[in-house]
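Here is what each chain is made of, one letter per residue.
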Amino acid sequence: MQIDTVIVGATLIDGSGSEPFEADIGLSGERIVRLGHFQYPSDVSVVDATGYMIAPGFIDSHTHDDGYLLAHPDMLPKVSQGITTVVTGNCGISLAPLVSKAVPQPLDLLGPMDLFRFATFQSWIEALRAAPAAVNVIPLVGHTTLRVGVMNDTSRAASPAERQAMRQLLQEALEAGAFGVSTGTFYPPAAAATTDEIIDVCLPMKEQGGIYATHLRDEADQIVMAMQEALDIGRAIGCRVVFSHHKLAGEKNHGRSRETLKMIAEAAQLQPVCLDCHPYPATSTMLRLDRVRISRRTMITWCLNHPEVAGRDFSQIMHEWQLDEQETFERLSPAGAIYFLMDEEDVCRIFKFPMTMVGSDGLPFDSHPHPRQWGTFTNVLRTMVRERKLLTLPDAIHRMTGLAAENYGLQERGLIREGYFADLIMFDPDSVADRATFENPIRASKGIEAVWVNGVRVWDGQQTGALRPGRVLSPRRMSASN
């Protein structure tokens, strides 16, 4: 058996949740071919991992990297924190299929307008395969994108003909390799979509199975009703429901994670369901006055008309301009913002829930982004494992790797096993930490010593300059009974 590289002296956390163990790892091409203690030729490349941990590469369960993969294929914000696979097309917004010179919010969160040039989902997939990124991709197609592409007025429910047109686009996306569909009925272009419309449009999923990921219609006062809608849709189309960036927004809803997590646990007895979360008590999206009003603090992340205000607080700008909330909002729009509207205890409770995956939900083109874009996974290792001790290290790694791979139906990824793809990270468990902050968000993490994607080393404390080995992954079609 040919071995190209041997990683020796490491302690392995294999992604299953099991306790760490010592073993050497033999790599050949893109695969792990040997585990344990074995003889290897003297001319093999050897990586000394003494004193470090080796884990599967992290799977970012919730991203908006659809366009960033093409514009910045080195994917520095992700590989520097140990991420080797990203799930795109979340919250109802995907880059394809849509050709447009001017898209409504929140589609603009995906990047510049010139990125919206793919009339079919297949053409976007082909572009990624022709110019691979440094990480693997799990693509979802966005229901909001379908609406914007098909409807001349998204403020109403879709007509039967429009539903049929969206259904056809979804079918084409699934045939091209989409793992499923996402919705974002919280946002204006999809808010008028009825439950019946979503089920009707998603009927192709009923035969093929897959993922139904949702940014709920409401994450505040009406969250339970919104969660029930998502569960109903999941059952109707026979798909696994992913509750995206699960949170309780606004002070009056703080503590309700006890209620929502109980609801998810009970639903899991009847249908496939899971959730993702990031470790910060603040979220980020387009600037919305309803979010400003329930947040204890709002920070502007970008502003088209006043780019100089990025990184500043809404309240400070309002005071400086001597305007009221509505006037300040109108003068700033269109813009993006970070909202400090979550309770730290809810975040911790959600993270302790055994079905929770980790998703960054970063907006990579923001001029002053939320620090989650650069630091989510290393923040978990620092805060949730080392400081708060809410999770053991094997449990945290499992949430970031094996659990996500299982929920998304990945084949031979997410665990350290012989025959599996060599998506691996080497890190120092005592020093690994995020360095991105709300004040200074564009900073690489520390303590991630090496990252391999499909057997190619893409990070060794800095970018290696290697060929970009990421792949667009293919789904294993799953029905709700799987």
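If you look the protein chain up in an unreviewed UniProt entry, it shows as N-acyl-D-amino-acid deacylase from Advenella incenata.

Peer 1: Whenever I open this one, the pairing of strand 5 (residues 53–56) confuses me. Can you help?
Peer 2: The side chains of a regular strand alternate between the sheet's two faces. Pairing of strand 1 (residues 5–12) with strand 5 involves two bridges; the strand directions are parallel. Pairing of leucine 12 across the sheet is with isoleucine 54, part of strand 5. In the sheet, strand 5 pairs with strand 20 (residues 424–427) via four bridges, with the strands oriented antiparallel. Each residue of the ladder has a partner; that of alanine 55, found in strand 20, is isoleucine 425.

Peer 1: What's the story with the state of the cysteines in this structure? I'm lost.
Peer 2: In protein structure, a disulfide is the covalent linkage between the sulfur atoms of two cysteines. Inspection of every chain in the model, using the stated rule, returns zero disulfides. With no disulfide partner, cysteine 274 has as its closest neighbouring cysteine sulfur the one in cysteine 239, 12 Å distant.

Peer 1: What should I look at first to understand the pairing of strand 3 (residues 31–36) in this one?
Peer 2: Pairing of strand 2 (residues 21–28) with strand 3, which is carried by five bridges, proceeds in the antiparallel orientation. Paired with isoleucine 25 across the two strands is leucine 35, which belongs to strand 3.

Peer 1: Honestly, helix 4 (residues 143–150) in this entry has me stumped. Any pointers?
Peer 2: What sets the pattern is the α-helix's 3.6 residues per turn: residues three or four places apart point alike. Within helix 4, six of the eight residues are buried, which leaves the element mostly enclosed by the surrounding structure. Inspection of helix 4 places His143, Thr144, Thr145, Leu146, Arg147 and Val148 among the buried residues, and these make up the whole buried set. On its buried face, helix 4 sits against strand 8 (98–99), strand 11 (141–142), helix 5 (160–176), strand 12 (180–184), helix 6 (188–191) and helix 7 (195–201).

Peer 1: Could you clarify how one ought to interpret the sheet that holds strand 13 (residues 211–215) in this entry?
Peer 2: Here we have six strands laid out as an open sheet, ordered 11-12-13-14-15-19, and parallel in their pairing. Of all strands in the sheet, those with a lone pairing partner are strand 11 and strand 19 (356–358), marking the two edges.

Peer 1: Any chance you could explain the packing of helix 12 (residues 314–321) against helix 13 (residues 325–332) here in plain terms?
Peer 2: Packed helices, taken two at a time, are described by the angle between their axes plus the distance between the axes. Packing of helix 12 against helix 13 leaves a shortest axis separation of 10 Å and a crossing angle of 100°. Relative to helix 13, the element helix 12 is oriented roughly perpendicular. Side by side, helix 12 and helix 13 meet where Phe314, Ile317, Met318 and Trp321 of the first sit next to Glu325, Thr328, Phe329, Arg331 and Leu332 of the second.

What counts as what
Residues numbered from 1 in each chain as written. Predicted model: local features only at pLDDT ≥ 70, side-chain atom pairs only at ≥ 80, totals over all residues. Heavy atoms only, no water. Pairing = 2+ DSSP bridges. Helix = DSSP H or I, 4+ residues; strand = E, 2+ residues; numbered from the N terminus. Disulfide = S-S within 2.5 Å. Buried < 20%, exposed > 50% of the residue type's maximum accessible area, 1.4 Å probe, protein only. Contact = heavy atoms within 4.5 Å. Axes fitted to C-alpha atoms, helices over the stretch in contact; angles between N-to-C directions. Parallel < 35°, antiparallel > 145°, perpendicular 65-115°, else oblique.

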